[in-house]
Amino acid sequence: MSKPKLAYYLAGGCAGCDISLVDLADFLVDVVSAVEIVFFAPTLVDVKYKDFEALPDGSVDVGLLTGNIRNKEHEHMAKVMRAKCKVLIAYGICASLGGIKGLVNLHSNQELLEKAYRDTFSTDNPTGELPSPKCVVDGRYELELPELTEARTLDQVVEVDYYIGGCPPHYEHVKAALVALLEGKLPPRGSWITMGHAVCEVCARNPVLRGEKKKPVVEVRRVIEGGVEEEACLTKNKILKIFIMPLKYFIKRHNLYSTPQRRVSAAL
Ligand code: SF4
């Protein structure tokens, strides 16, 4: 019997989702033997875009796309993944809901480029040049870069069959998804595939599970600011991540990914 074909594409993400696959440890060996990886870009398998694009539509059993859609190349590849894959999964919170990467929508691309390429203390850019979609390097090499867009979730570009949350997804979520796929026991289309529990439900730091009361968060801060109480719930530690979570849901709920960046800033 032929093995299910799998495709994987990292769009505007940090590759942390790829690492959560490695966290599968021994189970990864079973997965790799049970599936045929036809495309895994850009991190694992050197299959060129044109070869993947040449596959018949619907010929790949499952596709995972991680990161959000941040430029024209991501947008094109999301459409190719949708066409080739019978089942397409938004893998990780960036692809599903925007995630930390979605926060770029709070600034214009020009502001972000200037920050990254001109305004940081470690930047060595005496001419103040910024990346542009077309440029000539060393006076002779023509370089084409994909044009930046606003950050979008995968389902803002193509139809998505399933979602796997987490930043990165817990390997138990990933395992649950792969087992469901391999056993042909996928939940109804549109479902979030999880290990069956939210992190807070099983986290040893959850004060509720220790018989204590959970207090509302009235202030947020970053880990780098110190004063973090070891073994305490992140909400008790007022860690910034707690702020980012509702921010992501706020942006998604109000569909602010598709509105002008200025309006996002104003709304927040
Ligand atoms: S969900 Fe988290 S780990 Fe995955 S690509 Fe986004 S930022 Fe990285």
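Right above here is the structure, for reference.
Residues numbered from 1 in each chain as written. Predicted model: local features only at pLDDT ≥ 70, side-chain atom pairs only at ≥ 80, totals over all residues.

Looking at the overall build of the chain
When you go through the chain residue by residue, the secondary structure sums to ten helices and nine strands. For the chain, buried positions account for 27% of its 268 residues. At a minimum sequence separation of 6, the contacts of the chain that also span at least 24 residues come to 72%. (Helix = DSSP H or I, 4+ residues; strand = E, 2+ residues; numbered from the N terminus. Buried ≥ 20, exposed ≤ 12 C-beta atoms within 10 Å, placed from the backbone. Contact = placed C-beta atoms within 7 Å.)

Here we look at the sheet that holds strand S9 (residues 162–164)
Read from one edge to the other, the open sheet built from five strands follows the order S2-S1-S3-S5-S9, with strand pairing classed as parallel. Because the sheet does not close on itself, it has two edges, and the strands there are strand S2 (36–41) and S9. Put simply, the sheet's adjacent strands are angled 20° from each other on average, direction ignored. Note: strand S3 (residues 60–66) against strand S5 (residues 85–91), six bridges, orientation parallel. Bridge pairing links Val-60 to Cys-85 in S5. (Pairing = 2+ DSSP bridges. Axes fitted to C-alpha atoms, helices over the stretch in contact; angles between N-to-C directions.)

Some points on the site of the ligand
In the vicinity of the ligand there are 14 residues, among which Gly-13, Gly-16, Gly-92, Cys-94 and Cys-167 approach most closely. Among the secondary structure elements, those contributing two or more residues to the shell around the ligand are helix H1 (16–22) and helix H5 (93–97). A breakdown of the residues in the shell around the ligand according to their chemical character gives seven nonpolar, six polar and one charged. (Near = placed C-beta within 6 Å. Nonpolar A, V, L, I, M, F, W, Y, C, P; charged D, E, K, R; others polar.)

Looking at the nonpolar core
Residues Ala-7, Leu-65, Met-81 and Ile-89 are the most contacted members of the largest nonpolar core, which totals 40 residues. When neighbours within four sequence positions are excluded, Ile-89 is seen to be in contact with Val-62, Gly-63, Leu-64, Asp-161, Tyr-162, Ile-164 and Ala-177. (Core = buried A, V, L, I, M, F, W, Y, C linked by C-beta atoms within 7 Å.)

A word on the pairing of strand S1 (residues 5–10)
Within S1, five of the six residues are buried, leaving the element largely enclosed by the surrounding structure. Direction of pairing for S1 relative to S2: parallel, over a ladder of five bridges. Its bridge partner lying in S2, Tyr-8 is registered against Phe-40. Summarising the sheet, S1 and S3 pair through five bridges and their orientation is parallel. Across the sheet, the residue bridging to Tyr-8 is Leu-64, located in S3.

Notes on the environment of Arg-82
In this fold, Arg-82 is placed in helix H4 (residues 72–84). Distance in space between the C-alpha atoms of Arg-82 and Val-160 is 8.1 Å, their sequence separation being 78 residues. In this view, Arg-82 contacts Leu-88, Val-158 and Glu-159; residues no more than four positions away in its chain are not counted.

Brief notes about the environment of Glu-159
Along the chain, Glu-159 falls in the loop between strand S8 (148–152) and S9. The class of Glu-159 is exposed, set by 10 C-beta atoms lying within 10 Å. A sequence separation of 69 residues divides Glu-159 from Ala-90, and the C-alpha atoms of the two residues are 9.8 Å apart.

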